[in-house]
Amino acid sequence: MTGKTIAVVGGGLMGHGIAFLFAAAGHPVRLFEPTEAVRTALPDRLAGLCDLLGRDRAVVDRIAIFDRLAPAATGSDVVFEAAPEKLALKRALFAELEGVVAPETILASNSSAIPSTEIGRHLAHRGRVVGTHFWNPPHLVPLVEVIQTEWTTDTTIAATMDLLRAAGKAPVHVRRDIPGFIGNRLQHALKREAIALLAAGVADAATIDTVVKTGFGARLAVLGPLEQCDLVGLDLTLDIQETLVPQLDRSAEPTDFLRAKVADGKLGMKTGEGFRTWTREEADAVRERLNRALTARRDG
């Protein structure tokens, strides 16, 4: 399915990867980025993805970069929004998009947690609004959650999943538009418990990460949690949960421990300290390790 004109709103962490993905699949792409510094860096960042994935740099020639939304979106068949996680901002962008694209143009949000139902609630043509939650980095992680709002048409879902499949992704249909969808609800349930263990002094951050990476995390890519339950038996799963579930963290909001880290400016690798301390070299090594692992899995 080549030849569709794709618009991408936002050239940051996710947006430039989404733009590259569709350009590599043969589509002309229009990438809107309002910030001059980000726009200036985009050609080099996109060329870097070509080098990482062994693609001809001619792929970048299929991506046109715009500093205004309307000319980037006009005439597009599908628009993927990859703007910051702010509901008001996303609503404003979708309202502006509705004024410049055709009524049948698919409007897709890459929000990580905000329901697309809320993003498109006030639009005139809500049936073409869909969630498309890519995972970082979008050019390497196969999954895209395609989230159906209460108004999304079956035609929109089918067309979106076909487009993603043809670009080499593994789309899944999420039938209820709930905050966090499937993946982030599972991921943040794990993060909540990991942060609680750290805050309680059960182990340091490196130890908790090691338990995940070298324990059950080592099998997650080939054995999902429900498969693992069926593998060991639901009777054993129930016996373990009878003891364990009452002891799990049940915080109804982010912990004071996490809030204090953020308030103190300890934001992770980008500031040199989060749950762990990081030199620039250590942080770069983690990113390189992740890219190597995901690239090997993609190529394999």
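The structure this text deals with has already been given above.
Keep in mind the model is a prediction, meaning the values are calculated, not measured.

Strands sit in the order β3-β2-β1-β4-β5-β6-β7-β8 across an open sheet of eight strands; the sheet is mixed. The open sheet has two free edges, formed respectively by β3 (63–66) and β8 (170–174), since each of these has just one partner strand. The sheet shows a mean angle of 25 degrees between the axes of neighbouring strands, direction not considered. Where helix α1 (residues 15–24) meets the sheet, it contacts β1 (6–9), β2 (29–32), β3, β4 (78–81) and β6 (129–134), and its direction lies at approximately 170 degrees from that of β2. Docked against the sheet, helix α4 (residues 87–98) engages β1, β4, β5 (106–109) and β6, running at close to 165 degrees with respect to β5.

The next thing to look at is the packing of α1 against helix α2 (residues 36–53). Where α1 contacts α2, the two axes come as close as 10 Å, and the packing angle between them is 55 degrees. When the interaxial angle is binned, α1 and α2 end up oblique. α2 is crossed by α1, and the crossing has right-handed handedness. Between α1, through H16, G17 and F20, and α2, the contact on the second element is made entirely by L42, R45, L46, L49, C50 and L53. For the contact of α1 with α2, a count of residues per class yields six nonpolar, two polar and one charged.

As a further point, take a nonpolar patch on the surface. A grouping of L231, V232, L236, I240, L244, V245 and L248 is seen on the molecular surface, where their side chains present a nonpolar patch of about 560 Å² in accessible area. Of all the secondary structure elements, the ones that give two or more residues to the nonpolar patch are α10 (225–232) and α11 (234–244). On the secondary structure map, V245 appears in the loop between α11 and α12 (256–263).

A separate point is the packing of aromatic side chains. Here the distance between the centres and the angle between the planes together describe a pair of aromatic rings. Tallied over the full model, the rule gives three aromatic pairs. Measuring from ring centre to ring centre gives 5.8 Å for F80 and F134, while their planes differ by 75 degrees; the resulting arrangement is edge-to-face. Remark: F134 occurs in strand β6 and F80 occurs in strand β4; sequence separation between them is 54 residues. Look at F80 and you get buried, because its relative accessible area is 1%. Relative to F275, the ring of F257 has its centre 6.0 Å away and its plane inclined at 5 degrees; by these criteria the two rings are stacked.

What counts and how
- Residues numbered from 1 in each chain as written.
- Predicted model: local features only at pLDDT ≥ 70, side-chain atom pairs only at ≥ 80, totals over all residues.
- Heavy atoms only, no water.
- Pairing = 2+ DSSP bridges.
- Helix = DSSP H or I, 4+ residues; strand = E, 2+ residues; numbered from the N terminus.
- Axes fitted to C-alpha atoms, helices over the stretch in contact; angles between N-to-C directions.
- Contact = heavy atoms within 4.5 Å.
- Parallel < 35°, antiparallel > 145°, perpendicular 65-115°, else oblique.
- Left-handed = near helix turned anticlockwise from the far one by under 90°.
- Nonpolar A, V, L, I, M, F, W, Y, C, P; charged D, E, K, R; others polar.
- Patch = residues over 30% accessible without salt bridge, like charges linked within 9 Å, V, L, I, M, F, W, Y side chains within 5 Å.
- Areas by Shrake-Rupley, 256 points an atom, 1.4 Å probe, with all protein chains shown as cover.
- Salt bridge = Lys/Arg side-chain N within 4 Å of Asp/Glu carboxyl O.
- Phe/Tyr/Trp six-rings, centres within 6.5 Å; stacked < 30°, edge-to-face > 60°.
- Buried < 20%, exposed > 50% of the residue type's maximum accessible area, 1.4 Å probe, protein only.

Bear in mind that shape data such as this cannot, by itself, settle questions of function.
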